[in-house]
Amino acid sequence: MSTYPDLAGKVALVTGGSGGLGRATCWALAHNGVRLAVNGRDEGAVGAVVDELLGAGTSAVPAVADCTDDAALERMRAGVEERLGPVDVLVSFAGGGRAPQPTAEISEADWRADLDGNLTFVQQEGEFFDLDKSRYGLVDVHCDVWEGFIFVNFSEQPEQSYAAVAPMAILL
């Protein structure tokens, strides 16, 4: 596993950290000495990941909250800052959580929960808890998706979009 010494001692909040990619990211960050706030909606699942991390000698706290609820996000932010200090790294994996199944077998409640949590909620820059973009050299990223390909352009004023390169992707 790669190591990044400059991450040591930083505070990271991993939304969706109780399972899947979020859980794996928690372990990768812990391996680099990051102090973690593990987020998820399921208190038991979040607690299990935190217990595993603590058992391995890392620093981790639970941050149970529904990331589609603005008030819950604010309570989570305040709680994380109180226990660990300001968040330096925010990794967002919130959403999903159910095993794949045929569409016809998904209940209406699960269907609506998936739409609310995965499609209608998009984290906005203002929800990054007083993040000073200049401190970390962060820039806006322009993305387009076409036929399953994700095109990322780091230019401040992108001159070309996926439409211009799409014919090349067909050759792949």
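Predicted, not measured: the structure shown is a model, and the values here were computed from it.

### Re the sheet that holds strand 1 (residues 11–15)
At step 1: Spatially, 3-2-1-4 is the arrangement adopted by the four strands of the open sheet, whose pairing is parallel. The strands lining the two open edges of the sheet, one partner per strand, are strand 3 (60–64) and strand 4 (89–92). Direction aside, neighbouring strands of the sheet carry axes that sit 20° apart on average.
At step 2: Direction of pairing for strand 2 (residues 35–40) relative to strand 3: parallel, over a ladder of five bridges. Counterpart to Val 38 in the pairing with strand 3 is Pro 62.
At step 3: Helix 3 (residues 70–84) contacts strand 1, strand 2 and strand 3 of the sheet and is inclined by roughly 165° relative to strand 3.

### Thoughts on the side chain of Thr 25
At step 1: Structurally, Thr 25 can be placed in helix 1 (residues 20–31).
At step 2: Judged by relative accessible area, which is 19%, Thr 25 ranks as buried.

### Points about the pairing of strand 2
At step 1: Buried residues dominate strand 2, accounting for five of its six residues.
At step 2: Relative to strand 2, strand 1 runs parallel, the two sharing four bridges. Bridging across to strand 2, Ala 12 finds its partner in Leu 36.
At step 3: Once the chain exits strand 1 it traverses helix 1 before rejoining the sheet at strand 2, and the crossover so formed is right-handed.

### Structural notes on the packing of helix 1 against helix 2 (residues 43–55)
At step 1: The N-to-C vectors of helix 1 and helix 2 enclose an angle of 20°; their axes lie 11 Å apart at closest approach. Relative to helix 2, the element helix 1 lies roughly parallel. At the point where helix 1 passes helix 2, the crossing takes the right-handed sense. Residue-level inspection shows Arg 23, Cys 26, Trp 27 and Ala 30 of helix 1 in contact with helix 2, the latter providing Val 49, Glu 52 and Leu 53.
At step 2: Looking at the contact of helix 1 with helix 2 residue by residue, the class counts come to five nonpolar, no polar and two charged.

### Details of helix 3
At step 1: An ideal rise of 1.5 Å per residue puts 21 Å on 15 residues; helix 3 measures up with 21 Å between its terminal C-alpha atoms.
At step 2: The complete set of buried residues in helix 3 reads Ala 72, Leu 73, Met 76, Arg 77, Gly 79, Val 80 and Leu 84.
At step 3: N-capping of helix 3 is provided by Asp 69, with a side-chain oxygen placed 3.0 Å from the backbone N of Ala 71.
At step 4: Gly 85, located one to two residues past helix 3, shows a positive phi value of around 100°.

### As for the pattern of salt bridges
At step 1: Considering all chains together, one arrives at three salt bridges under this definition.
At step 2: Notably, a salt bridge pairs Arg 77 with Glu 74, separated by 2.3 Å at the nearest N-O pair. Of the two residues, Arg 77 and Glu 74 are both situated in helix 3; the distance of three residues between them amounts to about one turn of the helix.
At step 3: By relative accessible area, Glu 74 is classed as partly exposed at 41%.
At step 4: Beyond isolated ion pairs, a larger network of salt bridges with shared partners links Glu 74, Arg 77 and Glu 81.

Scoring rules and cut-offs
- Residues numbered from 1 in each chain as written.
- Predicted model: local features only at pLDDT ≥ 70, side-chain atom pairs only at ≥ 80, totals over all residues.
- Heavy atoms only, no water.
- Pairing = 2+ DSSP bridges.
- Helix = DSSP H or I, 4+ residues; strand = E, 2+ residues; numbered from the N terminus.
- Axes fitted to C-alpha atoms, helices over the stretch in contact; angles between N-to-C directions.
- Contact = heavy atoms within 4.5 Å.
- Buried < 20%, exposed > 50% of the residue type's maximum accessible area, 1.4 Å probe, protein only.
- Right-handed = clockwise from strand over helix to strand, strands pointing away.
- Parallel < 35°, antiparallel > 145°, perpendicular 65-115°, else oblique.
- Left-handed = near helix turned anticlockwise from the far one by under 90°.
- Nonpolar A, V, L, I, M, F, W, Y, C, P; charged D, E, K, R; others polar.
- Expected span 1.5 Å × (residues − 1).
- Polar contact = N/O pair within 3.5 Å; in protein donor to acceptor, adjacent residues only side chain to side chain.
- Salt bridge = Lys/Arg side-chain N within 4 Å of Asp/Glu carboxyl O.

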